[in-house]
Amino acid sequence: MTVSVSSQLNAARPADLPAIDKLLQHGKTAALMAEYGQTLVTAQLRQLMDELRQKALAGQLTHAELAHEPLLTGLAARLSEVTASKLKTVINLTGTVLHTNLGRALLPDSAVQAVVKVLTQATNLEFDLDTGRRGDRDSLVEDLICELTGAEAATVVNNNAAAVLLMLNALAAQREVIVSRGELVEIGGSFRIPDIMTSAGSTLVEVGTTNRTHYADYERALGERTAMIMKVHCSNYAVVGFTKTTNIDELARLGQERRVPVTVDLGSGTLVDLTQWGLPHEPTVRETLATGVDLVTFSGDKLLGGPQAGFIVGRKSLIDIIKKHPLKRALRTGKLTMAALEAVLSLYLSPERLPERLTTLHLLTRARSDIQAQAGQLQPVLQQALGRNFTVTAEPMLSQIGSGAMPVESLPSYGLVIRGTDKAGKHIMQLERRLRCQTEPVIGRIHKNALYLDCRCLSTGQAQRLHTLWSNTQL
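The text that follows walks through the structure, step by step, so that each part is easy to find. (Residues numbered from 1 in each chain as written. Predicted model: local features only at pLDDT ≥ 70, side-chain atom pairs only at ≥ 80, totals over all residues. Heavy atoms only, no water.)

Topic: the environment of Arg133
Mapped onto the elements, Arg133 comes out in strand β3 (residues 133-134). Ignoring any residue separated from it by four or fewer positions in sequence, one finds Arg133 in contact with Phe127 and Asp128. (Helix = DSSP H or I, 4+ residues; strand = E, 2+ residues; numbered from the N terminus. Contact = heavy atoms within 4.5 Å.)

Below is the structure:
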């Protein structure tokens, strides 16, 4: 780019930059130090001055930019940005209730209060109040888990992948694990069952085919080195058509006859029959254990509606072995997770009240009429905020449960559909970015050059804030 002679003459030089010491004595800087501390303010000021110096060397710095007020206003903006939390709350209008990338399950108020309570005070996390000796943190929730699932014993780790990894390490290292080819799943982040087998030091023995695996396939694969038969619930995909799977109760009987543990990875895992609220059936942990299998693993932050955690439940003799494995300590949960888990599990003691108390179930069972009313209230204010370059309509749509739960099932919902006047969809892409980069980001989904904002997960408070924002903003 050509710089004119007059511009060069008017440009500020590096020598024109004010001294850092002088800027640090300014009243506005003192206020910033009171808020952010001297170390951070000084460091950010030095960075700012270095950038201005480079700009001056390039002949692109004006004298106006060196005035104290705009310079220190820029410093304040930098400090605000550098100290802002990278973990932001967002408004989930994707239509996916348990969205892995958006944090999965939202905790109910009782769990939030339980976490707040233990944040600033000492707790009996690993202290037995009866004996005065060191305790087992699993004991805080083990009785509850066993009551709700019918298990003999239970242990908790930081997620379900960790539960599977720990189980394999403790029970099947250097030995064989039999799994159907149709169940060698990959979950989010390219996490694959064969890979976790390798990490655990187990040898994967594949049986059957992608679409059909028979009882005889498992029976023929059993050998002296077999440590486990493992069944994986295909919660994030479905194989349809010419298919065959072996029932869990058949595998349980085979394992008992051959004295080989049979384990089931349920993935999402649910503690109650969801059909009573009009949702599709998903095998419960209690149902699965009742078939006679030895261990079941499942998540805490999916259908269960709690914090991120992984459970291993079932036969006590095997749970005892797992608890003694060195990897258990590396994968254990902290006090915040345990506090939230106990609160969420306690809600299941009164299952008839779950839809009103458990946030995840409340969102899954929201009446379509309520969601439609919410979308109808927001439609005119969003249309006004967007102007004539877009059309906004309130339309029926389909939500999904998410996080690998019931992949082919959908939930009737309602929301806003935004379409641009350009056929290429460029304006929609730009709008999606603007909404995503707001102070309180709004996350929707683009489909066929239209932006869909599903209102299923929109809370009353969020709807009110959006109504206020869109009523006073030109997007």
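Considerations on a nonpolar patch on the surface
A surface patch of nonpolar side chains, amounting to about 300 Å² of accessible area, comprises Val112, Val116, Leu119 and Leu336. With 3 residues, the top contributor of residues to the nonpolar patch is helix α6 (residues 109-119). For Leu336, the position within the fold is in helix α15 (residues 335-347). (Patch = residues over 30% accessible without salt bridge, like charges linked within 9 Å, V, L, I, M, F, W, Y side chains within 5 Å. Areas by Shrake-Rupley, 256 points an atom, 1.4 Å probe, with all protein chains shown as cover. Salt bridge = Lys/Arg side-chain N within 4 Å of Asp/Glu carboxyl O.)

Topic: the side chain of Arg366
Along the polypeptide, Arg366 turns up in the loop between α17 (359-364) and α18 (368-386). Despite being buried, Arg366 has no salt bridge partner; Asp370 is the closest side chain of opposite charge, sitting 5.7 Å away. A polar side-chain atom of Arg366 sits 2.8 Å from the main-chain carbonyl oxygen of Arg456. Here the side chain of Arg366 touches Leu458 through a polar contact of 3.3 Å, landing on its backbone oxygen. In contact with Arg366, other than residues within four places in its own chain, are Ile371, Gln374, Cys455, Arg456, Cys457 and Leu458. (Buried < 20%, exposed > 50% of the residue type's maximum accessible area, 1.4 Å probe, protein only. Lys, Arg positive; Asp, Glu negative; His and termini not counted. Polar contact = N/O pair within 3.5 Å; in protein donor to acceptor, adjacent residues only side chain to side chain.)

Some details on the environment of Glu126
Inspection of the secondary structure puts Glu126 in the loop between α6 and β2 (127-128). Once the C-alpha coordinates of Glu126 and Arg137 are considered, the two residues, 11 residues apart in sequence, prove to be 5.0 Å apart. Beyond its immediate sequence surroundings of up to four residues, Glu126 is in contact with Arg134, Gly135, Arg137 and Arg332. Among the polar contacts made by the side chain of Glu126, one reaches the side chain of Arg134 at a distance of 3.0 Å. In terms of polar contacts, Glu126 uses its side chain to reach the side chain of Arg332, at 3.2 Å.

Description of helix α7 (residues 139-149)
All of the buried residues in α7 are Val141, Glu142, Leu144, Ile145, Cys146, Leu148 and Thr149. Elements in contact with the buried residues of α7: β4 (153-157), α12 (285-290), β12 (310-314), α13 (316-324) and α15. Count one or two residues on from α7 and you reach Gly150, which has phi positive near 80°.

A short note on the sheet that holds strand β17 (residues 450-454)
To summarise the sheet geometry, strands pair through backbone hydrogen bonds and adopt either a parallel or an antiparallel arrangement. Reading across the sheet, the 4 strands line up as β13-β14-β17-β16 and stay open at both edges, with antiparallel pairing between neighbours. The open sheet terminates on both sides in strands that have one partner only, identified here as β13 (390-399) and β16 (445-447). Between one strand axis and the next, the sheet turns by 35° as a mean value, whatever way the strands run. Relative to strand β14 (residues 411-420), β13 is paired through 10 bridges, and the arrangement is antiparallel. Bridge pairing in β14 links Ala394 to Leu416. The sheet contacts of helix α19 (residues 426-436) involve β13, β14, β16 and β17, and relative to β17 the element is tilted by about 35°. (Pairing = 2+ DSSP bridges. Axes fitted to C-alpha atoms, helices over the stretch in contact; angles between N-to-C directions.)

Re the packing of helix α8 (residues 160-172) against α13
Interaxial distance between α8 and α13 falls to 9 Å at its minimum, and their mutual angle equals 100°. Relative to α13, the element α8 is oriented roughly perpendicular. Taken together, the residues of α13 that come into contact with α8 (itself represented by Leu166, Met167, Ala170 and Leu171) are Leu318, Ile321 and Ile322. Of the residues that constitute the contact of α8 with α13, the class distribution is 7 nonpolar, no polar and no charged. (Parallel < 35°, antiparallel > 145°, perpendicular 65-115°, else oblique. Nonpolar A, V, L, I, M, F, W, Y, C, P; charged D, E, K, R; others polar.)

Topic: the packing of aromatic side chains
Across all of its chains, the model carries 1 aromatic pair by this definition. For the pair Phe298 and Phe311, a centre-to-centre distance of 4.7 Å together with 15° between the ring planes defines the contact as stacked. Of the two residues, Phe298 sits in strand β11 (residues 295-299) while Phe311 sits in strand β12, which places them 13 residues apart along the sequence. Phe311 sits in the buried class, given a relative accessible area of 0%. (Phe/Tyr/Trp six-rings, centres within 6.5 Å; stacked < 30°, edge-to-face > 60°.)

Describing the pattern of salt bridges
This structure, assessed with the given rule, holds 23 salt bridges. The residue Glu65 makes a salt bridge to Lys55 at a minimum N-O spacing of 2.7 Å. Here Glu65, found in the loop between α4 (38-57) and α5 (68-83), pairs with Lys55, found in helix α4; they are 10 residues apart in sequence, far enough to count as distant. The exposure class assigned to Lys55 is partly exposed, which follows from its relative accessible area of 30%. Of the charged contacts, one joins Arg104 and Asp301 as a salt bridge, the two residues approaching to 3.4 Å between their closest N and O atoms. One end of the pair, Arg104, is in the loop between β1 (91-92) and α6; the other, Asp301, is in the loop between β11 and β12, and 197 residues separate them in sequence. In the salt-bridge network here, residues are joined through shared partners; they are Asp136, Asp138, Glu142, Lys323 and Lys328.

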